[in-house]
Amino acid sequence: MTAVLLLLMAYSLVGETAHEWLGVGMFALVILHHVLNSRWSRNVAKGRYTPFRVVQTMLVVLALVCMLGSMVSGIMISRHAFAFLQISAGQSLARTAHLLSAYWGFVVISLHLGLHWNMVISRLSPTLRRVLLFPAVLIAGYGAFAFFKRKIGSYLLLQNQFVFFDFGEPLIFFLLDYLAVMGLFIFLGHFLGKILKR
C-alpha cells in the first residue's frame, strides 16, 4: 500500500492511465486491509476509549473519508479506467476534491502508519532502536525540507489547485522526496502515539 500510495502521488510522472489503475488497485488494497483487520472494526464500539484510541479511530475515519473522496472524485474525472461512464457534470469540483483527498489522505495515512510504528520496530533490540533513531531524525528533517520544497502545504490548504511536476526530474528523486515527507509524518505519528499512551 505504501509503494502504491507513493506512485499515486507521482500522478503526471507515471502517466494518467497508470495513475487511474493504481488508484483502483489502492482502493482494492484498502478494502483487503479492512477485511484483514475486521476484528478491529467489530470492536470499535466496545471497550474504553483512551486518548490513543480516540486519535487512532479518528485517523482511521479520516483515512476512509479521504480514500472514498479520492475514489469517487477519481471516477468522476476518469479518462481511462472509468471513461465508459461518460460523466461530464461536476468536473471542476471533482478535481478539487481529488486534490484535497489525495494530499490529506497522504498525510493521514502516514500519521496512521506512525501510530503503529511500534509493530515495525518492536522486534528490534533496544540497542538497534537507539542506533536507528539518528537516521530517523535525519529522514524526518529532510522530510520537513521536502514538504516545503514540494509545496505540499499549499495543496493541503488549496492555495494551489494544480500540482507542479518537473518532467525533467527523474521519478526516483520525486519518490524519495515524498518518501521522506511520509517519514516525517510517520516520525510525528510515532511520537504522538508515545505521548498519548503516557
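Heads up: the structure comes first, above all this text.
Given the structure is predicted, the values throughout are model-derived calculations rather than measurements. (Residues numbered from 1 in each chain as written. Predicted model: local features only at pLDDT ≥ 70, side-chain atom pairs only at ≥ 80, totals over all residues. Heavy atoms only, no water.)

Would you mind showing me how to read the overall build of the chain here?
Helix and strand counts for the chain stand at ten helices and zero strands. Taken from N to C terminus, the helices and strands of the chain fall in the order α-α-α-α-α-α-α-α-α-α. Considering only C-alpha atoms, the chain reaches an extent of 55 × 45 × 30 Å along its principal axes. Looking at the 198 residues of the chain, the share that counts as buried comes to 36%. For the chain, contacts bridging at least 24 residues in sequence account for 75% of all contacts bridging at least 6. (Helix = DSSP H or I, 4+ residues; strand = E, 2+ residues; numbered from the N terminus. Buried < 20%, exposed > 50% of the residue type's maximum accessible area, 1.4 Å probe, protein only. Contact = heavy atoms within 4.5 Å.)

Whenever I open this one, the packing of helix α1 (residues 2–9) against helix α10 (residues 171–197) confuses me. Can you help?
Two packed helices can be described by the angle between their axes and the distance between those axes. Across the interface, α1 lies against α10 with an axial gap of 10 Å and an inter-helix angle of 120°. As summarised for this structure, α1 and α10 are arranged oblique, according to the angle between their axes. The way α1 lies across α10 gives a crossing that is right-handed. Taken together, the residues of α10 that come into contact with α1 (itself represented by Thr2, Leu5, Leu6, Leu7 and Met9) are Phe174, Leu175, Tyr178, Leu179 and Met182. (Axes fitted to C-alpha atoms, helices over the stretch in contact; angles between N-to-C directions. Parallel < 35°, antiparallel > 145°, perpendicular 65-115°, else oblique. Left-handed = near helix turned anticlockwise from the far one by under 90°.)

What is the right way to look at the nonpolar core in this model?
Note that soluble globular proteins tend to have their nonpolar side chains buried in a common cluster. In terms of nonpolar packing, the biggest core is built from 36 residues, with Tyr103, Phe106, Ile152, Phe174, Tyr178, Val181 and Phe185 touching the most fellow members. Looking at this core element by element, the count peaks at nine residues for α10. The residues touching Phe106, leaving out its near neighbours within four places in the chain, are Leu5, Leu6, Met9, Tyr178, Val181 and Met182. (Core = buried A, V, L, I, M, F, W, Y, C linked by side-chain atoms within 4.5 Å.)

What should I look at first to understand unusual backbone geometry in this one?
Most of the time, phi is negative for any residue but glycine, and the peptide bond is trans. Located in the positive-phi region is Gln86, a residue other than glycine, with phi close to 50°. Turning to its location among the elements, Gln86 is positioned in the loop between α5 (51–77) and α6 (91–115). Notably, Leu158 is not glycine yet its phi reads approximately 60°, a positive angle. Structurally, Leu158 can be placed in the loop between α9 (152–156) and α10.

Explanation requested: the packing of aromatic side chains in the structure shown.
The way to describe two aromatic rings as a pair is by their centre distance and the angle between their planes. Evaluation of the coordinates by the stated rule reveals eleven aromatic pairs. An angle of 45° between the planes, with centres 4.9 Å apart, marks the rings of Tyr103 and Tyr155 as tilted. Within this pair, whereas Tyr103 is found in helix α6, its partner Tyr155 is found in helix α9, the two being separated by 52 residues in sequence. In this pair, the class of Tyr103 matches that of Tyr155, namely buried. Aromatic side chains Tyr142 and Phe145 sit 5.5 Å apart centroid to centroid with 45° between the ring planes, which places their arrangement in the tilted category. Separated by three residues within a single helix, Tyr142 and Phe145 lie in helix α8 (residues 126–149), roughly one turn from each other. (Phe/Tyr/Trp six-rings, centres within 6.5 Å; stacked < 30°, edge-to-face > 60°.)

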